Amino acid sequence: MGATTRTPRTREEVVHMMPLTRRQTLSLAAVAAGMSAVKPASGAKPQGQVTIGVHISLAPIWMDPAQTSGIITPYMLLYALHDAMAKDMPDQPQAPCLAKSWSVAEDGLAYEFSLRDGVPFHNGELVTAEDVKYSFERYRGASHALMKERIAAVEVVDPLHIAFRLKRPWPDFLTFYTGATGAGWIVPRKYVEKVGDDEFRKAPIGAGPYRFVSFNPGVELVLEAFEQYWRKPPYVKRVVLRVVPDEATRLAALKAGEVDIAYSIRGELAEQLRRIPGLTLKPVVLQGTQWLYFPEQWDPQSPWHDVRVRRAANLALDRRTINEALTLGHSRTTGSLFPDIFEFYWAPPPPVYDPAQSRQLLRDAGYPSGFDAGFYTCDASYANLGEAVLDNLAQVGIRAKLRPLERAAFLQGYAEKKYRNLIQGGSGAFGNVATRMEAFVVKGGAYVYGSYQDIDALYPLQASEGDHAKRAAILAQMQQMVHDKAVYAPIWQLGFLNGVGPRIAESGLGRIPGFAYTAPYEELALRAV
């Protein structure tokens, strides 16, 4: 059977072999920006400690690739503890990692991966094709049903070669396997089978640049450099992810030198940070959009069933003012559920703020005095965004009560379809428009409370379409339908603001285009003393 071999490309090869997409252009810019960082001498042992003030409570489930849930948060930990067959890196989206290369059969029905030889897990066992097969088979996170339905077999050819055989051609196989899900992040089969899933999450072993030391729930996760990491030994000996949920406390800790990096510093606190000598405000525009979701729009008895009411909510949002107030203008206001760096992105009309038209739509829909909308459920770390949105909605007569929940609990309830009324959601997961559509729009998606048959009917058509232009046209049509039906009220593509202290030479923030957190961890570096 003929095959097309996919081997690692240098940056120059990418430039010369294909036109650069926006995402690739951003990747190359990130590489250039990182070259000026002060780094230890070549061959030096990892040294020192970096403490990161994290804005959310860390959940053990995020240390297990098998449970990734269609959002970006688990990758904060996966990039440190584990490694993948391929993953986004500063110099290359979908960069070969544990897999040094792969080939695709001419009929599109088989992908064969060649593994790097001699790559160790943290316990010294070597990564083999058996671990790759086991990691795929135990995966239960976002899109797992879709992947299992489309893959006919996973065959270990020999210890360093594995083949995935598909039931039918699937252009997005690599996007799902190496980006949008955790199915391609590899765990040691023998260790997991020995200790079980629960114990694995308490003391994970991976093949990433840092190994697990300790985890105190609600307090901190401690990691130590794994000097045998195949790519390169990390520069920093110890990394501590310290849970500091209060934003003002995170800034105070950064100012006092108690943390070296502080995630998510917004609004007036971000303004203060910019004025403090020695501290740097580091904004990163994510591949993460945030939105208002109407889970009752399929209930004929709900006000949200009427598209005019959903459009009224859209028109009520003063996105520009919220952006300036909370993220100092660094977010990109948008009318799309999909980030503009994603493949197949369709640019919708710019969102409009028109409270007068919003009130008129409510009157036309039979709500001249507005209505009580129940609870507005959100991730507690974005409660300030929720407060701003609720204020906008209240000004046109849509009255709701804020219900913030800790992130792990919020996401679990969201996925289990427990919420009613209004949901403030978001995702910064890797992938493309089709992967985001699968998780949040079409029937059966992890966070889909209802769907529209005309949109659902187009999803399998684009998934099997081998012509890129025709596929792009189908996905553009689907995005326009999501927009016209006002399935969501998109808020923005988040500008994630962080603080960096004076000890840091390379924070890793923004190195991987669209990614929220420090990565790759092996590039994290302290300034030379």
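The structure this text deals with has already been given above.
Here the residue numbers are simple positions, counted from 1 along each chain's written sequence. Whole-chain, interface and lining totals are the exception, using all residues; otherwise, since this is a predicted model, local features are given only for residues with pLDDT of at least 70 and side-chain atom pairs are given and counted only at 80 or more. In computing side-chain properties, one takes all heavy atoms of the structure into account and sets aside hydrogens as well as water.

Digging into the overall build of the protein
Helix numbering and strand numbering both begin at the N terminus, where a helix is a DSSP run of H or I of at least 4 residues and a strand a DSSP run of E of at least 2. Across its full length, the protein carries 17 helices and 22 strands. The globule rule puts the C-alpha radius of gyration for 529 residues at 24 Å, and the 23 Å found for the protein is close to it. Its C-alpha atoms give the protein principal-axis dimensions of about 70 × 60 × 45 Å. Counting over 529 residues, the protein shows a buried share of 58%. Contacts in the protein between residues at least 24 apart in sequence constitute 71% of all its contacts with a sequence separation of at least 6. Methods summary: accessible areas were calculated by the Shrake-Rupley approach with a probe of 1.4 Å, and residue burial reflects only the protein chains presented. Of the accessible surface of the protein, which amounts to about 20500 Å², a share of 51% is contributed by carbon and sulfur atoms. Just to be clear, the radius of gyration here is over C-alpha atoms, and the globule rule we use is 2.2 Å times residues to the power 0.38. Note on classification: 1.4 Å probe, protein chains only; a residue is buried when its accessible area is under 20% of the maximum for its type, exposed when over 50%, partly exposed between these limits. Contacts between residues were defined by any pair of non-hydrogen atoms, one from each residue, lying within 4.5 Å.

Looking at the environment of leucine 422
As for its placement among the helices and strands, leucine 422 is situated in strand 19 (residues 422-427). Considered as a pair, leucine 422 and proline 65 are 357 residues apart in the sequence and their alpha carbons are 30 Å apart. Sequence-distant contacts of leucine 422, that is, excluding residues within four places in its chain, are made with Leu292, Tyr293, Phe294, Pro295, Trp304, Ala373, Phe375, Tyr376, Thr377, Leu393 and Ala400.

Description of empty space enclosed by the protein
Points on a 1 Å grid over protein atoms alone make up a cavity when a 1.4 Å probe fits among them but cannot get out, and a pocket when they form an open set with protein on both sides within 12 Å along at least five of seven lines; lining residues each have an atom within 4 Å of a point. Grid points are joined across faces, edges and corners, and a volume is the space filled by probe spheres set on the points. Scanning the model with the defined rule gives five cavities of 30 Å³ or more in all. In this structure, the largest cavity encloses a volume near 300 Å³. In terms of lining, the largest cavity is formed by 21 residues, of which the most central are Gln290, Tyr382, Arg407, Gly426 and Ser427. Elements with a minimum of two residues in the lining of the largest cavity: strand 15 (280-293), helix 14 (407-415) and strand 19. Basically, the charged four are Asp, Glu, Lys and Arg, the nonpolar ten are Ala, Val, Leu, Ile, Met, Phe, Trp, Tyr, Cys and Pro, and anything else, Gly included, counts as polar. Split into classes, the residues belonging to the lining of the largest cavity amount to nine nonpolar, 10 polar and two charged. Its boundaries defined by the atoms lining it, the second largest cavity holds a volume of some 60 Å³. In terms of lining residues, the second largest cavity is bounded by Gly70, Ala142, Ser143, Ala180, Phe342, Ser427, Ala429, Phe430, Thr435, Arg436, Ala439 and Phe440. Considering each element in turn, the lining of the second largest cavity owes the most residues, four residues, to helix 15 (residues 433-440). For the lining of the second largest cavity, the residue count by class is seven nonpolar, four polar and one charged.

Quick notes on unusual backbone geometry
Backbone torsion omega between alanine 519 and proline 520 reads -10°, so that peptide bond is classified as cis. Positive phi outside glycine occurs at lysine 417, with the angle close to 60°. Within the secondary structure, lysine 417 sits in the loop between helix 14 and strand 19. Of note, the phi angle at alanine 486 is positive, near 50°, even though the residue is not glycine. Inspection of the secondary structure assignment puts alanine 486 in the loop between helix 17 (468-484) and strand 20 (488-500).

Some points on the pattern of salt bridges
When a carboxyl oxygen of Asp or Glu lies within 4 Å of a side-chain nitrogen of Lys or Arg, that pair is called a salt bridge. What the rule picks out here adds up to 30 salt bridges. A salt bridge links lysine 87 to aspartate 83, with the nearest nitrogen and oxygen atoms 2.5 Å apart. No difference in accessibility class separates lysine 87 from aspartate 83, as the two residues are buried. Among the salt bridges present, the one from arginine 266 reaches glutamate 247, with a minimum N-O distance of 2.8 Å. Remark: glutamate 247 occurs in helix 8 (residues 247-256) and arginine 266 occurs in the loop between strand 14 (261-262) and helix 9 (267-275); sequence separation between them is 19 residues. By sharing partners, the salt bridges in this structure join Asp64, Arg138, Asp197, Asp198 and Arg201 into a single network.

Remarks on the environment of threonine 280
Locating threonine 280 in the fold gives a position in strand 15. Once you skip the residues sitting within four places of it in the chain, threonine 280 turns out to touch Leu273, Asn498, Gly499 and Val500.

Quick notes on the packing of aromatic side chains
Planes of paired rings set the category: under 30 degrees apart is stacked, over 60 is edge-to-face and the rest tilted, where pairs are Phe, Tyr or Trp rings (Trp by its six-membered ring) whose centres lie within 6.5 Å. Inspection of the entire model under this criterion finds 39 aromatic pairs. With a centroid separation of 6.3 Å and an interplanar angle of 65°, the aromatic rings of phenylalanine 136 and tyrosine 177 are classed as edge-to-face. Placement of the pair is phenylalanine 136 in helix 4 (residues 129-137) and tyrosine 177 in helix 6 (residues 173-180), with a sequence separation of 41 residues. Take phenylalanine 136 and tyrosine 177: they sit in the same class, and that class is buried. Between tryptophan 291 and tyrosine 488, the ring centres sit 5.4 Å apart and the planes meet at 70°, which makes this aromatic pair edge-to-face. Here tyrosine 488 lies in strand 20 and tryptophan 291 lies in strand 15, a separation of 197 residues in the sequence. A residue is classified by how much of its surface remains accessible, and tyrosine 488, at 3% relative accessible area, is buried. Each residue in the set Trp291, Tyr293, Trp298, Phe410, Tyr414, Tyr419, Phe440, Tyr447, Tyr449, Tyr452 and Tyr488 is aromatic and connected to the rest through ring pairs, giving one cluster. Two conditions define a charge located above a ring, namely a distance within 6 Å from the ring centre to NZ of Lys or CZ of Arg, and an angle within 35 degrees of the ring normal. Seen from the ring of phenylalanine 136, lysine 148 lies directly overhead, with NZ or CZ sitting 5.4 Å from the centre. In this structure, arginine 403 is placed above the aromatic ring of phenylalanine 375, and the distance from its NZ or CZ to the ring centre is 4.9 Å.

Things to note about helix 6
The element helix 6 is extensively covered by neighbouring structure, given that eight of its eight residues are classed as buried. Those residues of helix 6 that fall on the buried side of the exposure criterion are Phe173, Leu174, Thr175, Phe176, Tyr177, Thr178, Gly179 and Ala180.

A word on helix 14
Within helix 14, burial applies to Arg407, Phe410, Leu411, Gly413 and Tyr414. Angularly, the buried residues of helix 14 cover 165° about the axis, an arc narrow enough to put them on a single face. Where the residues of helix 14 are buried, they touch strand 15, strand 17 (371-379), strand 18 (398-405), strand 19 and helix 15. Here a polar contact is taken to be a pair of N or O atoms separated by no more than 3.5 Å, where protein atoms must pair a possible hydrogen donor with a possible acceptor and residues adjacent in sequence count only if both atoms sit in side chains. Backbone nitrogen of alanine 408 and a side-chain oxygen of the N-cap are separated by 3.2 Å at the start of helix 14; the cap is glutamate 406. What the arc covers is the set of directions going from the helix axis to the C-beta atoms.

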